[in-house]
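An overview of the molecular structure
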Amino acid sequence: MPASPRRSYRIRLIAAVLAIGLLAIGAAPTRAATAYGRDVYFSAGYERQIDNRTCIAGSTGMMMNFLARRDMNLSQTWMLHYAQQRDALSDATQRGSDPLGWSRAATYFSGWTGRPTTYKWEAYASATSALRRAAKQIAITGKPVGLLVSHGAHAMVMTGFTATANPASTSTWTLSTIWVSDPYGYPHRSVPATKSPLNSYLQTDATSYYDQQWYGRYIVIVPQG
């Protein structure tokens, strides 16, 4: 015997309420995992490196654009030469630059953006610690961070992140995703923090002091304020 129209309506109503409840339950962890996010990227700020030597220069150019909130049109050749003259690599063999040269170039060229910033390289024992530091400084300063990837053979820019809370206001938070811009690849991509391109620095072409500071560690180029 078919259900009456009124009973059929009640059944459909109960089913709809249950479905909404299940959706709400399923959505709750997602909302909790992305309770806070910040990203300084804008499309006109992206730069592609001009050759295979200029990943640090291209990344520095992006960082300056994101600081200035406009395309600064800075010369990658100029930025590369500036970094090379101030890094710890052997002049006889270097092609690109290193964390020291990158931090010094980012500091210098930030003076042209209207937001002068001291950038420093920082080395960490784990990717988690390095990325948490990067995210916290982005939250505090609204400024991008440099990442040494491909075991130090390439450079990218971390423009933002999502987390369970604002790192600027609490120490209890979990990093969910990071936003990365690659001067040799994608302009802007979100990746899980556990699958970030940041990995251990394995280059040994600097002076012995810096080789000891960098080798096997996770290097980020961080705005200090």
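Our subject is the structure listed above.
Everything numeric here is computed off the predicted structure, so don't read it as measured data.

We now examine the overall build of the chain. The helix and strand tally for the chain stands at 6 helices and 7 strands. The linear arrangement of helices and strands in the chain, starting from the amino end, is α-β-α-α-α-β-α-β-β-β-β-α-β. Accessible surface for the chain amounts to roughly 11,300 Å². Of this, 55% is attributable to carbon and sulfur atoms.

Viewed as axis vectors pointing N to C, helix 2 (residues 55-68) and helix 3 (residues 76-84) meet at an angle of 110 degrees, and their least axial separation amounts to 8 Å. One element, helix 2, and the other, helix 3, form an angle in the roughly perpendicular class. Helix 2 and helix 3 meet at a crossing whose hand is right-handed. For the pair helix 2 and helix 3, the contacting residues are A57, G58, T60 and G61 in the first and Q76, M79 and L80 in the second. Looking at side-chain class alone, the contact of helix 2 with helix 3 contains 3 nonpolar, 4 polar and no charged residues.

What follows is about the pairing of strand 3 (residues 145-149). Most of strand 3 is tucked away: 5 of the 5 residues are buried. Burial along strand 3 is two-sided: V145, L147 and V149 facing one way and G146 and L148 facing the other are all buried. Pairing of strand 3 with strand 4 (residues 154-163), which is carried by 5 bridges, proceeds in the antiparallel orientation. Looking across to strand 4, one finds that V145 is bridged to M158. Counting the residues between successive antiparallel strands, the hairpin from strand 3 to strand 4 contains 4 residues, one of them, S150, with a positive phi of roughly 50 degrees. Where strand 3 and strand 7 (residues 218-223) come together, 2 bridges link them in antiparallel fashion.

This part takes up helix 2. Helix length check: helix 2 (14 residues) gives 20 Å between terminal C-alpha atoms against 20 Å at 1.5 Å per residue, within 8%. The buried fraction of helix 2 is high, at 14 of 14 residues. At the exit of helix 2 stands R69, carrying a positive phi of roughly 65 degrees.

What follows is about unusual backbone geometry. Phi is positive for R69, which is not a glycine, with a value near 65 degrees. One non-glycine residue, N73, adopts positive backbone phi at about 55 degrees.

Inspection of the secondary structure assignment puts L80 in helix 3. Separated by 25 residues in sequence, L80 and A105 have C-alpha atoms that sit 8.2 Å apart. For L80, the contacting residues outside a window of four places in its chain are R53, T54, A57, R95 and G96.

Turning to the nonpolar core, a few remarks are in order. In this structure, M63, M64, F66, W102, F109 and W214 are the most contacted members of the largest nonpolar core, which totals 37 residues. Those elements that place two or more of their residues in this core are helix 2, helix 3, helix 4 (99-110), strand 2 (119-124), strand 4, helix 6 (208-214) and strand 7. Here the element with the most residues in this core is helix 2; it accounts for 9 residues. Non-local contacts of F66, meaning those with residues more than four positions away in its chain, are made with V40, Y41, F42, G45, Y46, R115, P144, V157 and T159. Counting 26 residues, the second-largest nonpolar core is a separate cluster that includes V145, V149, W173 and V180.

A word on the pattern of salt bridges. Applying the stated criterion across every chain, the model contains 2 salt bridges. Note that R53 is salt-bridged to D51, the shortest N-O span being 3.1 Å. Residue classification places R53 among the partly exposed residues on the basis of a relative accessible area of 30%. By relative accessible area, which is 25% here, D51 ends up partly exposed.

On the secondary structure map, A168 appears in the loop between strand 4 and strand 5 (175-181). Take A168: its relative accessible area is 42%, and that puts it in the partly exposed class. Here the alpha-carbon distance between A168 and K136, two residues 32 residues apart in the chain, equals 5.9 Å.

Let us look at a nonpolar patch on the surface. A cluster of nonpolar side chains, W78, Y108 and W112, forms an exposed patch at the surface whose accessible area comes to about 320 Å². Among the secondary structure elements, W78 is positioned in helix 3. Taking the relative accessible area as the measure of exposure, W78 reaches 36% and is therefore partly exposed.

Analysis parameters
- Residues numbered from 1 in each chain as written.
- Predicted model: local features only at pLDDT ≥ 70, side-chain atom pairs only at ≥ 80, totals over all residues.
- Heavy atoms only, no water.
- Helix = DSSP H or I, 4+ residues; strand = E, 2+ residues; numbered from the N terminus.
- Areas by Shrake-Rupley, 256 points an atom, 1.4 Å probe, with all protein chains shown as cover.
- Axes fitted to C-alpha atoms, helices over the stretch in contact; angles between N-to-C directions.
- Parallel < 35°, antiparallel > 145°, perpendicular 65-115°, else oblique.
- Left-handed = near helix turned anticlockwise from the far one by under 90°.
- Contact = heavy atoms within 4.5 Å.
- Nonpolar A, V, L, I, M, F, W, Y, C, P; charged D, E, K, R; others polar.
- Buried < 20%, exposed > 50% of the residue type's maximum accessible area, 1.4 Å probe, protein only.
- Pairing = 2+ DSSP bridges.
- Expected span 1.5 Å × (residues − 1).
- Core = buried A, V, L, I, M, F, W, Y, C linked by side-chain atoms within 4.5 Å.
- Salt bridge = Lys/Arg side-chain N within 4 Å of Asp/Glu carboxyl O.
- Patch = residues over 30% accessible without salt bridge, like charges linked within 9 Å, V, L, I, M, F, W, Y side chains within 5 Å.

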